[in-house]
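# Summary of the model geometry
Okay, here's what each chain looks like letter by letter:
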Amino acid sequence: MSTTFTRAAARFVVIPLATSVFLATPAPASHAETVVVTTTNAETGATTTTTTQEPTAAERRAEARAQRAAQRKRFANRVIAKARSRAGSPYVYGATGPHAFDCSGLTQWVYGKVGKRLPRTSDAQAGAVRRVRHPRRGDLVFFHNGGNVYHVGIYAGHHMLWHASRPGHPVAKERIWTSSVFYGRVR
């Protein structure tokens, strides 16, 4: 009887134990390709084998997207920093900086400092950008009355912009005051 009892008890212990070992084995992290490289030292004749995991196509695409997003963020931060550096500069009609600006003079100067060329007037700048529905920091904000663009600024996020608005008001960050705007991304 003790032998029968021992065999029955073993079934209750061994089977769950074997199952738990199988379930505890970690699954591969991804479907990355395993690359095995074998090299032989010409002088000593010693062989070295190196195994590496190559990323999958999906992982490479995700990495490329992350790099592009980081690059856009760095560019936007540079644009905003240049605009912020001119805070307090006076508005002067037709001025293009670096000590005084009108609206399009400010945007042209800022983008010039980060390596992008823009035309001189706000209307011409509106024609030189790609319109976007959802602005990102650093995009241009164009104010219009019907079909005429009359003002431009740099989108700062959260419905705010950097701009040179009018005589007596220096370059400043302010809330966008109207819904008669559209946004453009400099190419």
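The coordinates are above.
Nothing here was measured: the structure is a model prediction, and the numbers come from that model.

A word on the side chain of S165. Here S165 is to be found in the loop between β6 (160-163) and β7 (172-175). What S165 contacts, discounting residues up to four positions off in sequence, is Y91 and H151.

Let us now look at the packing of aromatic side chains. On inspection of all chains with the given rule, the structure shows six aromatic pairs. With a centroid separation of 5.6 Å and 65° between ring planes, the pair formed by F101 and W109 is classed as edge-to-face. Each of the two residues, F101 as well as W109, counts as buried. Between Y155 and Y183, the ring centres sit 5.6 Å apart and the planes meet at 75°, which makes this aromatic pair edge-to-face. Note that Y155 is positioned in strand β5 (residues 148-157) and Y183 in strand β8 (residues 181-185), a separation of 28 residues in sequence.

Conventions adopted
Residues numbered from 1 in each chain as written. Predicted model: local features only at pLDDT ≥ 70, side-chain atom pairs only at ≥ 80, totals over all residues. Heavy atoms only, no water. Helix = DSSP H or I, 4+ residues; strand = E, 2+ residues; numbered from the N terminus. Contact = heavy atoms within 4.5 Å. Phe/Tyr/Trp six-rings, centres within 6.5 Å; stacked < 30°, edge-to-face > 60°. Buried < 20%, exposed > 50% of the residue type's maximum accessible area, 1.4 Å probe, protein only.

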